[in-house]
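Fold and contact review
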Amino acid sequence: MATTDAVPSRRRPHVLVIPLPSRGHLLPLLDFAHRLSTCHSVPLTVAATSSNLPLLSAFLASTPLAAALPLELPDSSAPDHSSHLPPGTHHALLAVHLPRLREPLLSWARSHPDPPTIVISDFFLGWAQHLADDLRVPWIVFYASGAFAVAALDHLWKGALPLDPNGSVVLDTLPGSPAFPYEHVPSVVKKYVAGDPDWEFVREGFRLNVRAWGAAVNTFDEMEREFLECLKRFFGHGRVWAVGPVADSGCRGEERSLEAEQLFSWLDTCPPRSVVYVCFGSMYKPPPAQAAALGAALEASDARFVWAGGADVAVLPEGLEGRTAKRGRVVRGWAPQMEILRNAAVGAFLTHCGWNSTLEGVAAGVVLLAWPMMADQFIDARLVVDLHGAAVRAAEGADAVPDPRTPWTLRSGRT
Ligand SMILES: O=c1ccn([C@@H]2O[C@H](COP(=O)(O)OP(=O)(O)O[C@H]3O[C@H](CO)[C@@H](O)[C@H](O)[C@H]3O)[C@@H](O)[C@H]2O)c(=O)[nH]1
């Protein structure tokens, strides 16, 4: 039975959640699962390999009806977290190894007294359709990216690939027929290699997504109404739900470390809206020249700032903290981003426009200073800068090294 034909069953509800083990994908899916479980009293089970179990602890502690299902990949050398991927590898390729969890998942489901009645998976895991078919239950694909980006990806995967690196693309099946230079096309499409088994698997996964019974998109109508309608047209059914922003669900357990306590004490001394928060998401590591330019720009400005290194603190410029101690703070490691954004002292957010950060910044009501780097980020920036006027462009491109003397206004020469 194809998943699109499966209908929700009358058995006791039980949701099987399958995340992509990359924070920008895993966190919003857990936020969504937490809401489902706490608002609708739905029991759920989250599949996770052992190296990802620690990422579930706050979620499990705050979600009474949730359980983790620990699994192991048969090949222990296969990467099962984005930090295990060789440098430069697109995190979509994490998905390549995860279908090996299908058999263990089936065995678990078949021996469970209340087997899953629905499967919800990340949108890089199109193979979940085969699992849902085996279990004869519906499959809902969860999109951690916005509807504009999802529609763009659908358009691009359906078209002729690879794209011409010297050309541009016109997304003429989307509202307004937006055009993007090649450099701004999502990297998952640009990195695709025709005939390469791993990349064909990724492309096939996106094709399977279209056949899911339902689609839950981390967005909201006022932000992306026309693109949500476009997705309904693309998918051929109306089961496309705007379920966001999901990030304030309260299951991330952003416990305050001593460092965080000191940060918030300092923020409390700052005038309202006077601080710029800088963070480029969970994965992007600014190369040294870029980090140095940004550090110099922050030093040269009069702005108060908080710079969170996210995944990699090593890139932050040497000595910056000491030289800007009166008006700047550097966060080593993982920052409590949502709490920082919601602090009254924060007025602007220099962001790479990862979709979670974009939504979190919009929800907090701060001005977004957009510096898209890769992936769907140029599309997200187009949405918030040009379609909503909720952001200004600060810089563009992972290879941009703006002149620190004229911060926030430069673009890379490649656009
Ligand atoms: O120190 C940090 C750094 C990040 N975050 C959180 O981590 C998430 C980061 O997500 P996002 O802003 O989307 O950035 P990425 O981690 O880069 O996300 C990847 O996945 C997203 C969803 O598909 C895409 O939109 C991005 O382009 C892609 O890079 C957000 O919820 C942040 O609040 C923290 O809490 N503390």
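Residues numbered from 1 in each chain as written. Predicted model: local features only at pLDDT ≥ 70, side-chain atom pairs only at ≥ 80, totals over all residues. Heavy atoms only, no water.

The protein chain goes by UDP-glycosyltransferases domain-containing protein in an unreviewed UniProt entry, where it is assigned to Oryza meyeriana var. granulata. The UniProt entry for the protein chain carries the following text under Sequence similarities (unreviewed entry): "Belongs to the UDP-glycosyltransferase family." (UniProt positions renumbered as here; feature names shortened; annotations may be inferred.)

On to the overall build of the protein chain. Looking only at helices and strands, the protein chain has 14 helices and 15 strands in total. Whereas a compact globule of 415 residues would reach a radius of gyration of roughly 22 Å, the protein chain reaches 21 Å, a difference of no more than 12%. Counting every position in the protein chain, which comprises 415 residues, the buried fraction comes to 56%. Considering only contacts within the protein chain whose residues lie at least 6 apart along the sequence, 67% involve residues at least 24 apart. Within the structure as shown, the protein chain displays about 17000 Å² of accessible surface, and the carbon and sulfur contribution to it stands at 54%. (Helix = DSSP H or I, 4+ residues; strand = E, 2+ residues; numbered from the N terminus. Rg over C-alpha atoms; globule rule 2.2 N^0.38 Å. Buried < 20%, exposed > 50% of the residue type's maximum accessible area, 1.4 Å probe, protein only. Contact = heavy atoms within 4.5 Å. Areas by Shrake-Rupley, 256 points an atom, 1.4 Å probe, with all protein chains shown as cover.)

Attention now goes to helix α8 (residues 221-235). For α8, with 15 residues, the first-to-last C-alpha span of 18 Å runs short of the 21 Å given by 1.5 Å per residue. When the local axis directions of α8 are compared, the greatest deviation, roughly 40 degrees, occurs at Phe-227. Of the positions making up α8, those classed as buried are Met-223, Glu-224, Phe-227, Leu-228, Cys-230, Leu-231, Phe-234 and Phe-235. Elements that come into contact with the buried residues of α8 comprise β5 (139-143), α5 (147-158), β8 (214-217), β9 (240-242), α13 (355-364) and α14 (377-387). One or two residues past the end of α8 sits Gly-236, with phi positive at roughly 75 degrees. (Expected span 1.5 Å × (residues − 1). Bend = angle between axes of the 7 residues up to and from the residue.)

Within the largest apolar cluster, 121 residues are counted, with the highest numbers of intra-cluster contacts made by Leu-105 and Tyr-277. With nine residues, α5 is the largest single contributor of residues to this core. Residue contributions to this core reach at least three from each of two domains, namely domain 1 (3-242) and domain 2 (258-393). Leave out the neighbours within four places in its chain, and Tyr-277 touches Val-306, Ala-308, Ala-335, Gln-337, Ile-340, Leu-341, Val-346, Ala-348, Phe-349 and Leu-350. Grouped together as the second largest cluster of nonpolar side chains are 21 residues, Leu-316, Val-330, Leu-369 and Met-373 included. (Core = buried A, V, L, I, M, F, W, Y, C linked by side-chain atoms within 4.5 Å. Domains from an automatic or database assignment.)

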